[in-house]
Amino acid sequence: MLVGSSTSSAKAFTPHDHSRCAGATLARAEAVAAEKGARLTPVRKRALEILLEEHRAMGAYEVLDRLAADGFGKQPPVAYRALEFLVEHGLAHRVRRLNAFAACMSPGEEHAPVFLICRNCGEVAEAGPEEGADEVRHALQGAAERLNFHVERATVEALGLCPNCAAEEAQ
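Criteria and cut-off values
Residues numbered from 1 in each chain as written. Predicted model: local features only at pLDDT ≥ 70, side-chain atom pairs only at ≥ 80, totals over all residues. Heavy atoms only, no water. Axes fitted to C-alpha atoms, helices over the stretch in contact; angles between N-to-C directions. Helix = DSSP H or I, 4+ residues; strand = E, 2+ residues; numbered from the N terminus. Parallel < 35°, antiparallel > 145°, perpendicular 65-115°, else oblique. Left-handed = near helix turned anticlockwise from the far one by under 90°. Contact = heavy atoms within 4.5 Å. Nonpolar A, V, L, I, M, F, W, Y, C, P; charged D, E, K, R; others polar. Buried < 20%, exposed > 50% of the residue type's maximum accessible area, 1.4 Å probe, protein only. Lys, Arg positive; Asp, Glu negative; His and termini not counted. Salt bridge = Lys/Arg side-chain N within 4 Å of Asp/Glu carboxyl O. Polar contact = N/O pair within 3.5 Å; in protein donor to acceptor, adjacent residues only side chain to side chain. Pairing = 2+ DSSP bridges.

- Named according to an unreviewed UniProt entry, the chain is Fur family transcriptional regulator originating from Thioclava nitratireducens.

1. Here we look at the packing of helix 3 (residues 60-69) against helix 4 (residues 76-88)
Consideration 1: Axis separation between helix 3 and helix 4 bottoms out at 9 Å; the angle between their running directions is 110°. On the basis of their axis angle, the class for helix 3 and helix 4 is roughly perpendicular. When you trace helix 3 past helix 4, the crossing you get is right-handed. Between helix 3, through Ala60, Tyr61, Val63, Leu64 and Leu67, and helix 4, the contact on the second element is made entirely by Pro76, Val78, Ala79, Tyr80 and Leu83.
Consideration 2: In the contact of helix 3 with helix 4, the residues fall into 10 nonpolar, no polar and no charged.

2. Here we look at unusual backbone geometry
Glycine aside, negative phi is the norm for most residues, and most peptide bonds take the trans geometry.
Consideration 1: At Asn99, a residue that is not glycine, the phi angle is positive and equals roughly 50°.
Consideration 2: Along the chain, Asn99 falls in the loop between strand 1 (92-95) and strand 2 (100-103).
Consideration 3: Backbone geometry places Asn148, a non-glycine residue, at a positive phi of 55°.

3. Some remarks on the side chain of Glu126
Consideration 1: Tracing the backbone shows Glu126 in strand 4 (residues 124-127).
Consideration 2: Summary of buried charges: Glu126 has no salt-bridge partner, and the nearest side chain of opposite charge, Arg137, is 6.8 Å away.
Consideration 3: Among the polar contacts made by the side chain of Glu126, one reaches the side chain of His93 at a distance of 3.3 Å.
Consideration 4: Among the polar contacts made by the side chain of Glu126, one reaches the main-chain amide nitrogen of Met105 at a distance of 3.3 Å.

4. A closer look at the sheet that holds strand 4
Consideration 1: Reading across the sheet, the three strands line up as 4-3-5 and stay open at both edges, with mixed pairing between neighbours. Each having just a single partner strand, strand 4 and strand 5 (156-160) make up the two edges of the open sheet. Across the sheet, the mean angle from the axis of one strand to that of its neighbour is 20°, orientation sign disregarded.
Consideration 2: Where strand 3 (residues 114-118) meets strand 4, four bridges bridge the pair, whose relative direction is antiparallel. The partner of Ile117 across the bridge, within strand 4, is Val124.

5. Concerning the side chain of His93
Consideration 1: You can see His93 is positioned in strand 1.
Consideration 2: Accessibility expressed as a relative area gives 11% for His93, which makes it buried.
Consideration 3: Look past the residues within four positions of His93 in its chain and what remains in contact with it is Val87, Ala100, Phe101, Ala102, Cys104, His111, Pro113, Phe115 and Glu126.

6. Focus: the pattern of salt bridges
Consideration 1: Here the structure, examined in full by the defined rule, presents nine salt bridges.
Consideration 2: Of the charged contacts in the structure, one is a salt bridge between Glu53 and Arg66, with a shortest N-O distance of 2.5 Å. Placement of the pair is Glu53 in the loop between helix 2 (42-52) and helix 3 and Arg66 in helix 3, with a sequence separation of 13 residues.
Consideration 3: On the basis of relative accessibility, which here comes to 27%, the residue Arg66 falls in the partly exposed class.
Consideration 4: Between Glu62 and Arg56 there is a salt bridge, with the nearest N and O atoms lying 2.3 Å from each other.
Consideration 5: We classify Arg56 as partly exposed; its relative accessible area is 22%.
Consideration 6: Shared partners join several salt bridges into a network, and the residues in it are Arg46, Glu49, Glu53, Arg66 and Asp70.

Below, the structure is given as structure tokens:
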């Protein structure tokens, strides 16, 4: 699972009460969908719950397998439509480097995601303002402005090692 501005993303790489942060994020996502008048159908909600189960991004076919096991059908459009809805409404992000999707840990908050992806274990953290994500986005915007470039969409994806994998590699 990813953790954003409402909960420190450092938790993605450290032990914590995962069910509590996932539950809180799901509740925020449901409230955001309701505020937008967006219908969080059972398949869409289950897709979001699946994304919230772990600190990693998941491919559409992995989500489809899980949805099929829960009785939602085995056709790829089932997963793709649910995931597209979640992304469109700011409840999930597409992690392009991994060709995968991750739950947004800051639903309802205007932001451009900054992802920290562990190349060893696959865990993903969505960095929030307290981890310096705003500074990264401001630096990108400043570079674009100096080149008279208008950024319409930006997602920062950094590949590296989480603290646990870095410690293992150092040994």
